[in-house]
Amino acid sequence: MAAPAAAHHRLYSSSAAAAAPAPGRRLRFSLQPSPHGRFSSRAAARVLTRASGAGAGGGTSTSSAATAAASLSLEELRRGCSTWTWRGMSVNYLARGQGPPVLLVHGFGASVAHWRRNIRVLSESYTVYAIDLLGFGASDKPPGFSYTMETWAELILDFLEEVVKRPTVLVGNSVGSLACVIAAAESNREVVRGLVLLNCAGGMNNKAIVDDWRIKLLLPLLWLIDFLLNQRPIASALFNRVKNRDNLKDILLSVYGNKDAVDDELVEIISGPADTEGALDAFVSTVTGPPGPSPISLMPRLADVPVLVLWGDRDPFTPIDGPVGKFFSKLPSELPNVTLHMLEGVGHCPHDDRPDLVHDKLLPWLDGLPPPVTGAAAV
């Protein structure tokens, strides 16, 4: 969950201070290599080209020189993007590399470009797909659309069926993680080969975490803010303030443990899509909509799916001492298919905050997965 979600979290916190789906879905796979679709849409080119121009003078993650060298430029990402039509709407995605497929799913407010520090490394051994969820990045943001966690999960499953067409490891951050959990819970076990959760969200917004006494105290205020955000002038004023570059940078600095990773390029990656038509509606719908299914109720249904959980210990959204963090920290003792690694000094977006730490845990885990199901068993 990137800057708009951070602003949502901060809005509730500052206001408080002032005040005092059916399982077993089966997809059809073929053994033919899937086409990557048409060239990127004009929207994708516009968003990523803007980011490419603004980020030229910014820094990179200073965790190591290798991390900077491994990062894809935004121009490379733009050239690699394609479009896929889903229910009459355009969805932006990237495909790169060869090998077993891995699908990267971003958090709220982010996009394909948020994985720029991971795609090159992963694509050395895997076919890497990264997708802009509907409502974000260069994907369509249809007017009046009601965004839900279940809708994004359906999008992921249809993408696996129509584009990837092979058993896939899902890798998600924040609400992207939760969308992957829902998709895995609704699929058959040949569809999702494995699941990687990077600081998994408890829901689409803060209303999901009702077991936290801090949220319980805030619930009346949350509903008031939801009401205010449904007033167009108020929502527009807040959104314009959130996407201001200086404000975005301050928000991102509060989300990341590695402050050097918050460069001008990252700010533009978040702010660029926020200037496109429909971005305000997507923001309001996501913040005020239903939180969706909880990962706490879904994870026990995934006892036969290999799961890797990577958790930044400086996450202000889903802290390790909160209900969701505590649940995942105990999960390996209850489900032997789950592996957990705490990442010291890392915030809510580990893959971009400290990609070196993520790769150190992720790559060996991917290498150790059982071979993917092929042939008739995958159909």
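Residues numbered from 1 in each chain as written. Predicted model: local features only at pLDDT ≥ 70, side-chain atom pairs only at ≥ 80, totals over all residues. Heavy atoms only, no water.

A.B. asks: Would you take a moment to explain the nonpolar core for this structure?
C.D. replies: The tendency in soluble globular proteins is for nonpolar side chains to be buried as a group. Among the nonpolar cores identified, the biggest contains 60 residues, and Leu-195 and Phe-328 are the most heavily contacted of them. With 10 residues, helix α6 (residues 149–164) is the single largest residue contributor to this core. Apart from the residues within four sequence positions on either side, Leu-195 is in contact with Val-169, Leu-170, Cys-180, Val-181, Ala-184, Leu-302, Val-305, Pro-306, Val-307, Leu-308 and Trp-365. With 41 residues, the next largest nonpolar core counts Leu-104, Val-112, Ala-130 and Leu-248 among its residues. (Core = buried A, V, L, I, M, F, W, Y, C linked by side-chain atoms within 4.5 Å. Buried < 20%, exposed > 50% of the residue type's maximum accessible area, 1.4 Å probe, protein only. Helix = DSSP H or I, 4+ residues; strand = E, 2+ residues; numbered from the N terminus. Contact = heavy atoms within 4.5 Å.)

A.B. asks: Help me understand helix α14 (residues 323–334) in this model?
C.D. replies: Helical periodicity: at 3.6 residues per turn, an α-helix aligns residues three or four positions apart in one direction. Given a rise of 1.5 Å per residue, 12 residues ought to cover 16 Å, and the 16 Å separating the end C-alpha atoms of α14 matches this to within 8%. Listing the buried residues of α14 in full gives Val-324, Gly-325, Phe-327, Phe-328 and Leu-331. Looking down the long axis of α14, one finds its buried residues gathered within 160° of arc, a one-sided arrangement. Contacts from the buried residues of α14 go to β7 (192–198), α13 (295–298), β8 (307–312) and β9 (338–343). (Expected span 1.5 Å × (residues − 1). Arc of directions from axis to C-beta.)

A.B. asks: Just to check I follow, could you spell out the packing of aromatic side chains for this structure?
C.D. replies: How two aromatic rings sit relative to each other is given by the distance of their centres and the angle of their planes. One pass over the full model with this rule turns up 10 aromatic pairs. Their ring planes at 75° and their centres at 5.3 Å tell us that Trp-84 and Phe-159 sit as a pair that is edge-to-face. A residue pair is termed long-range when its members are at least 10 positions apart, and Trp-84 in strand β2 (residues 81–86) and Phe-159 in helix α6 qualify at 75 residues. Here the aromatic residues Phe-108, Phe-136, Phe-145, Tyr-147, Trp-152 and Phe-283 are joined through ring pairs into a cluster of three or more. (Phe/Tyr/Trp six-rings, centres within 6.5 Å; stacked < 30°, edge-to-face > 60°.)

A.B. asks: How should I be thinking about the pattern of salt bridges in this particular structure?
C.D. replies: It is possible for side chains of opposite charge to pair when their charged atoms get near one another. By the definition in use, this model includes 13 salt bridges. Here Glu-76 ties to Arg-120 by a salt bridge, and the two come within 3.2 Å at their closest N and O atoms. Of this pair, Glu-76 sits in helix α4 (residues 74–80) while Arg-120 sits in helix α5 (residues 119–123), and the two are 44 residues apart along the sequence. (Salt bridge = Lys/Arg side-chain N within 4 Å of Asp/Glu carboxyl O.)

A.B. asks: What should I look at first to understand the pairing of β7 in this one?
C.D. replies: Look at any regular strand and the pattern is simple: side chains alternate between the two faces of the sheet. When you tally the buried positions in β7, you get seven out of seven residues, the bulk of the element. Sheet topology places strand β6 (residues 168–173) next to β7; six bridges connect them, and they run parallel. Among the inter-strand pairings, Asn-173 is bridged to a residue of β7, identified as Leu-198. Note that β7 and β8 share four bridges and pair parallel. Paired with Leu-195 across the strands is Val-307, a residue of β8. (Pairing = 2+ DSSP bridges.)

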